[in-house]
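A closer look at the structure
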Amino acid sequence: MMTPDSLRIAAPRLLAGCAAALLLLPAMGHADDTQIRFQLDWRFEGPSAPFLMAAEKGYFADEGLDVQIDSGSGSAGAINRVASGAYEMGFGDLNALVEFLAENPDGPGIQGVYIVYDGTPAAVFARKDRGIESPADLAGKTIAAPTFDTGYRAWGVFAAANDLDADAVEWQNVDPTLRETLLTRGDVDAITGFYFTSLLNLEERGMSEEDLTIMPFPDYGVPLYGNAIIASESFAEANPDAVKGFLRAFNRALGETIADPEAAVEYVKNRDGLIDVEMETRRLKLAIDGVVDTPEVRENGVGGVDDQRLAQSIQLVADAYELESIPTPDQVFNSSYLPTQEERMLFSAEGE
């Protein structure tokens, strides 16, 4: 039996323990929440901030969702894992999705449901000291990239848009962790990679923008979309409200991320305490400025597609990848789960 003195001593500890337990409740899933396993395209870096923010701030929970977010190893991997049923939703390159659907016409349906990168982040990074100032100067040069890299896969689109013979360059298939090192050492003349990834990696290895000729694909006539939130068609059809809720929660977090990238990166750090916060903040800002904030997005809102542009993009990918079948725009993207256009107007049309 506790004495009055012992009760006075124990009470604060009991209250503190109860308070701590209450603080944990918002992060705990309810038994009736819809569970969604979500596969990112890459590691926990700056651009993953809105996903992690939506989870940690309870935005997914507010929609009745219990979301598990895992890091990835590339867009193709994210798409394959959603296709296999290991994940219900993911984040991957829309062009890789076109390729998957073309090569698996009788396979599981997967659709883009929210465009995050309105333009592909793919870019060419070339050494200026090799006399490379324009796409034409790449003829006869050696470019390094892993074969799954978007710039590598869509090279034919870039070459055609810039009157360059696609076979005029020599490619080296390399591990993604080595390409920037090879360019820095001068072992190759150029590389392809995501703008906000390769630029920071090159700077980390001692190369500055002044040393480089950088050719972002969207600035050089390539109208391809970039990464999108994707969903298993069977899951989405069985759980339409869950997919709509996921996109509402993400859209909410994306708006906050755009408004305050520095604060948003803290959610990445909370997930991976080893990140370089300054670098990941810059990476996030580069992603927003380069492929999220576009004139089309300012006019029409984030998340959606232009039907004519999507059809053109699918055809360009089909030609560049030499696909035997071509998926329809409706197979590639489903806009029915998007938040309202008003909710998706996260930038001012005037560019302020």
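Going by the structure above, here's the rest.
Summary of the structure given here. (Residues numbered from 1 in each chain as written. Predicted model: local features only at pLDDT ≥ 70, side-chain atom pairs only at ≥ 80, totals over all residues. Heavy atoms only, no water.)

**Digging into the overall build of the protein**
A count of helices and strands for the protein gives 16 helices and 10 strands. What you see for the protein is a C-alpha radius of gyration of 23 Å, in line with the 20 Å of a compact globule of 352 residues. Reported as C-alpha extents along the three principal axes, the dimensions of the protein are approximately 90 × 45 × 40 Å. Looking at the 352 residues of the protein, the share that counts as buried comes to 51%. (Helix = DSSP H or I, 4+ residues; strand = E, 2+ residues; numbered from the N terminus. Rg over C-alpha atoms; globule rule 2.2 N^0.38 Å. Buried < 20%, exposed > 50% of the residue type's maximum accessible area, 1.4 Å probe, protein only.)

**Topic: the side chain of Lys141**
Tracing the backbone through its elements, the reader meets Lys141 in the loop between strand 5 (122-127) and strand 6 (142-145). Summary of buried charges: Lys141 has no salt-bridge partner, and the nearest side chain of opposite charge, Asp189, is 6.0 Å away. Within polar-contact distance, the side chain of Lys141 engages the backbone oxygen of Asp137 at 3.4 Å. (Lys, Arg positive; Asp, Glu negative; His and termini not counted. Salt bridge = Lys/Arg side-chain N within 4 Å of Asp/Glu carboxyl O. Polar contact = N/O pair within 3.5 Å; in protein donor to acceptor, adjacent residues only side chain to side chain.)

**Focus on the pairing of strand 8 (residues 190-194)**
On a regular strand, each side chain points to the face opposite its neighbour's, so the side chains alternate between the two faces of the sheet. Buried residues dominate strand 8, accounting for five of its five residues. Across five bridges, the pairing between strand 5 and strand 8 is antiparallel. What sits directly across from Ala122, in strand 8, is Phe194. With two bridges connecting them, strand 6 and strand 8 associate as parallel partners. Bridging across to strand 8, Ile143 finds its partner in Ala190. (Pairing = 2+ DSSP bridges.)

**Things to note about the sheet that holds strand 7 (residues 170-173)**
Strand order in this open sheet of five strands is 7-6-8-5-9, and the pairing throughout is mixed. The open sheet has two free edges, formed respectively by strand 7 and strand 9 (212-216), since each of these has just one partner strand. Put simply, the sheet's adjacent strands are angled 25 degrees from each other on average, direction ignored. Packed onto the sheet, helix 9 (residues 195-204) meets strand 5, strand 8 and strand 9 and runs at close to 125 degrees relative to strand 8. (Axes fitted to C-alpha atoms, helices over the stretch in contact; angles between N-to-C directions. Contact = heavy atoms within 4.5 Å.)

**Focus: unusual backbone geometry**
In this structure, Asp163 takes a positive phi of about 55 degrees despite not being glycine. Within the fold, Asp163 resides in the loop between helix 7 (155-161) and strand 7. With a phi angle near 55 degrees, Glu322 is a residue other than glycine that sits in the positive phi range. With respect to the element layout, Glu322 can be found in the loop between helix 15 (307-321) and helix 16 (329-332).

**What about the packing of aromatic side chains?**
Counting across every chain of the model gives 15 aromatic pairs. A ring pair is formed by Tyr117 and Phe196, whose centres lie 5.7 Å apart and whose planes are at 70 degrees; its orientation type is edge-to-face. Remark: Phe196 occurs in helix 9 and Tyr117 occurs in the loop between strand 4 (110-115) and strand 5; sequence separation between them is 79 residues. An identical accessibility class is assigned to Tyr117 and Phe196; each is buried. With 4.8 Å between their ring centres and 25 degrees between their planes, Phe158 and Phe217 make a pair best called stacked. (Phe/Tyr/Trp six-rings, centres within 6.5 Å; stacked < 30°, edge-to-face > 60°.)

**Describing the side chain of Arg344**
Mapped onto the elements, Arg344 comes out in the segment after helix 16. The residues touching Arg344, leaving out its near neighbours within four places in the chain, are Asn251, Asn300, Gly301, Val302, Gly303, Gly304, Leu338 and Pro339.

**Structural notes on the pattern of salt bridges**
Tallied over the full model, the rule gives 19 salt bridges. Here Arg130 and Asp189 are joined by a salt bridge, their closest N and O atoms 2.6 Å apart. Within this pair, whereas Arg130 is found in the loop between strand 5 and strand 6, its partner Asp189 is found in the loop between helix 8 (179-185) and strand 8, the two being separated by 59 residues in sequence. By relative accessible area, Asp189 is classed as buried at 11%. One continuous salt-bridge network, built from bridges that share partners, spans Arg43, Glu45, Glu280 and Arg283.

**With respect to helix 5 (residues 94-103)**
Residues lying three or four places apart along an α-helix face the same way, a consequence of the helix completing one turn every 3.6 residues. Burial analysis of helix 5 places nine of its 10 residues in the buried class, the great majority of the element. Looking only at helix 5, the buried set comprises Leu94, Asn95, Ala96, Leu97, Val98, Glu99, Phe100, Leu101 and Ala102.

**Some words on the environment of Gly46**
Within the secondary structure, Gly46 is located in the loop between strand 1 (34-39) and helix 2 (49-56). Using a relative accessible area of 0% as the deciding quantity, one classes Gly46 as buried. Taking the C-alpha atoms as reference points, Gly46 and Thr142, 96 residues apart in sequence, are found 30 Å from one another. Sequence-distant contacts of Gly46, defined by excluding residues within four places in its chain, comprise Val268, Glu280, Arg283 and Leu284.

**Thoughts on the environment of Ala49**
Here Ala49 shows up in helix 2. Note on Ala49: relative accessible area 0%, which makes it buried. Considered as a pair, Ala49 and Glu280 are 231 residues apart in the sequence and their alpha carbons are 9.5 Å apart.

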